[in-house]
Amino acid sequence: MATIVSTNAMQVQTNEKNSAGVQNGLKQRIIIKLKVFRSKKTGGWYSAFLCLVNQGLATLAFFGVGVNLVLFLVRVLGQDNATAANNVSKWTGTVYLCSLLGAFISDSYWGRFLTCAIFQLILLLGLVIMSVTSWIFLIKPEGCGDGILNCVPPSPLGTALFYLAIYLVALGYGGHQPTIATFGSDQFDEANPKEKISRAAYFGYFYFALNAGSLISNTILVYYEDGGKWTLGFWASTAAALLGLFIFLLGTPGYKYVKSFGNPLPRVAQVFVAAVRKWRVANVEGEELYEVDGSESSIKGTRKILHSNDFKKLDNAAIVTEEDRQRPAFNPWRLCTITQVEEAKCIIRMCPIWLCTIMYSVIFTQMASLFVEQGEVMDATIGHFRLPAASMSAFDICSVLTCTFLYRFMVVPLAGKLNGNPKGLTELQRMGVGLIIGMLSMIAAGVTEIYRLKHVIPGKEASSLSIFWQIPQYILVGASEVFMYVGQLEFFNGQAPDGIKSLGSSLCMASMSLGNYVSSMLVNMVMTITARGERHGWIPENLNNGHIDRFYFLLFGLALVDLFAFVVFAKWYKGIQHEGSDESCTKDGEKESQVLDKV
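Being a predicted model, the structure only gives us computed values, none of them experimental.

Asks: Explanation requested: the side chain of Ser198 in the structure shown.
Replies: By secondary structure assignment, the location of Ser198 is in helix H7 (residues 193-226). With a relative accessible area of 18%, Ser198 lands in the buried category. In terms of polar contacts, Ser198 uses its side chain to reach the side chain of Trp45, at 3.4 Å. Once you skip the residues sitting within four places of it in the chain, Ser198 turns out to touch Trp45 and Phe188.

Printed below as a string of structure tokens:
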């Protein structure tokens, strides 16, 4: 009996040991899993890919409204050609102007992730209002606005809701695009050489995703909208925006987040105020200027920027005077760090380059206005099928998609062998090439219009010239985008200090904004000057009575002047240099001063 009891006791002890061992093993496995989870690498191509898909769907949604907007204004709201073209230019300009707002908020307060999410919700709200408004108030009778069946004049309420909707779309998409561009690039560590290459490639793929999304809008959606199914097209855009938001939020656990850096406006203002206060103070060497200790700058989370020798009067803001030493604490409105001064210098250096990109945006915006109106009065029939004029922009998109890969896998290796630059061409060289190709597109458009006028059908507004004569001008615009806009994204994002990266990305869209406003101003000026007395002007209601070819050639001449200015400023430009950056980065900065010598 005693033997049985002792045996049972031993079994109980053994079971307790085994249970404890199991619990310890389970605890160890949980600890290992937690360590793996905590050490899991965030960011990288998976997170960046979600950003690319999100951008593609958001662009599909946006262009589902924008690509045919000029025809909607003419056919549904009853506006004339010049008024519709101006309204589209103003609306598009507002879209890209809102990019500055989104970039400012993301850099200063909300951070990039939250900014992207909120502005996508605004975009979605605008699309819902537009879909409901067109369905209930504007498309009356059903199927109108197809170029054959006229719509009844819109009510004031319907018109007001329509403009509210499109400007909500402008705000949402405008605030989202530059922020998602920067947020996607944040997924790569610039200090890692391999990830730095991936980061540079990301901007090319970003523009590829943007155009892949717009391809669907410019082919499928534009076909249904041109046939009078406007509401169906708007609801499809709404669905794309909703899916894009879902995919963006899906990657939340794996994103690499960058915190906001505070409002940059006071930082820049402090530099100018401090420099003016010390205007009469003698200049000192860069080593004697004020900077905080440590690896980080006074702007939390950002790298220090090395001192540069231009705009030396701004250096006065970083001179430590005897009065500064006597104060218990440094006053930022009297004394700034070198990094803070260099941040202001970077903004000044980028401004002339940015201003020179506006003229290219004037050229680009013709694709959404005058190109479409030109195509509307050309022969767009293929058998019994009528090709929507706005769908011709599909050739622009295909050109972008093709040229993106040609540049990446052919031009870059070839140019790299010739000039020793692994990037192929510097960002400024690419922008210069893009401007030249854009100018050629205006020549092609002008020549097409000359031949269109020669084939006008007597008594009709249409011409017998095939709409496919527009293909060269669309292809040239697409090729120019690959060089100009991708170059701009890389340049402004790369040259902007850490604290204003999103603002740097938004400069590309801001130039498009001003380009649309300048285009609208030029149209008004041209019509005021040329439509005097009995003359119809260059851009009349009936294009057969006008000369938009002369307007295209005018844009070519203005762009030629702009090109000379761009070359001058590009040769003058000096790149930003961060403390601790490798030698290759420094060399890249130095090469910018020799830009366009081989173009």
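The discussion continues.
Asks: What should I look at first to understand the packing of helix H4 (residues 81-110) against helix H5 (residues 112-138) in this one?
Replies: How two helices sit against one another is set out by the angle between their axes and by the gap between those axes. Between H4 and H5, whose axes approach to 8 Å, the crossing angle comes to 135 degrees. Accordingly, the angle class assigned to the pair H4 and H5 is oblique. Between H4 and H5 lies a crossing of right-handed hand. In this structure, H4 uses Gly102, Ile105, Ser106, Asp107 and Trp110 to contact H5, whose residues at the interface are Arg112, Leu114, Thr115, Ile118 and Phe119. Tallied by class, the residues present in the contact of H4 with H5 amount to 5 nonpolar, 3 polar and 2 charged.

Asks: Can you walk me through the pattern of salt bridges in this structure?
Replies: Here the idea is simple: oppositely charged side chains can pair when their charged atoms come close. Under the counting rule described, the total for this entry stands at 14 salt bridges. Of the charged contacts in the structure, one is a salt bridge between Arg325 and Glu322, with a shortest N-O distance of 3.8 Å. Residue Arg325 and its partner Glu322 are both found in helix H11 (residues 322-326); the two are separated by 3 residues, about one turn of the helix. The partner of Arg452 in a salt bridge is Glu449, and the shortest N-O contact between them spans 2.9 Å. Here Arg452 and its partner Glu449 are both found in helix H15 (residues 427-454), 3 residues apart, which amounts to about one turn of the helix. With a relative accessible area of 0%, Arg452 lands in the buried category. Among the charged side chains, a network of salt bridges with common partners joins Lys278, Glu323, Asp324, Arg327 and Arg334.

Asks: Quick question: what am I supposed to make of the state of the cysteines here?
Replies: In total, this model carries 1 disulfide according to the counting rule given. Covalent S-S linkage joins Cys144 and Cys151, the inter-sulfur distance amounting to 2.0 Å. Across the S-S bond of Cys144 and Cys151 the torsion is about 95 degrees, and the bridge reads as right-handed. What makes Cys144 buried here is its relative accessible area of 0%. Given the relative accessible area of 13%, Cys151 is considered buried.

Analysis parameters
Residues numbered from 1 in each chain as written. Predicted model: local features only at pLDDT ≥ 70, side-chain atom pairs only at ≥ 80, totals over all residues. Heavy atoms only, no water. Helix = DSSP H or I, 4+ residues; strand = E, 2+ residues; numbered from the N terminus. Buried < 20%, exposed > 50% of the residue type's maximum accessible area, 1.4 Å probe, protein only. Polar contact = N/O pair within 3.5 Å; in protein donor to acceptor, adjacent residues only side chain to side chain. Contact = heavy atoms within 4.5 Å. Axes fitted to C-alpha atoms, helices over the stretch in contact; angles between N-to-C directions. Parallel < 35°, antiparallel > 145°, perpendicular 65-115°, else oblique. Left-handed = near helix turned anticlockwise from the far one by under 90°. Nonpolar A, V, L, I, M, F, W, Y, C, P; charged D, E, K, R; others polar. Salt bridge = Lys/Arg side-chain N within 4 Å of Asp/Glu carboxyl O. Disulfide = S-S within 2.5 Å.

By themselves, these observations are geometric and do not establish any function.
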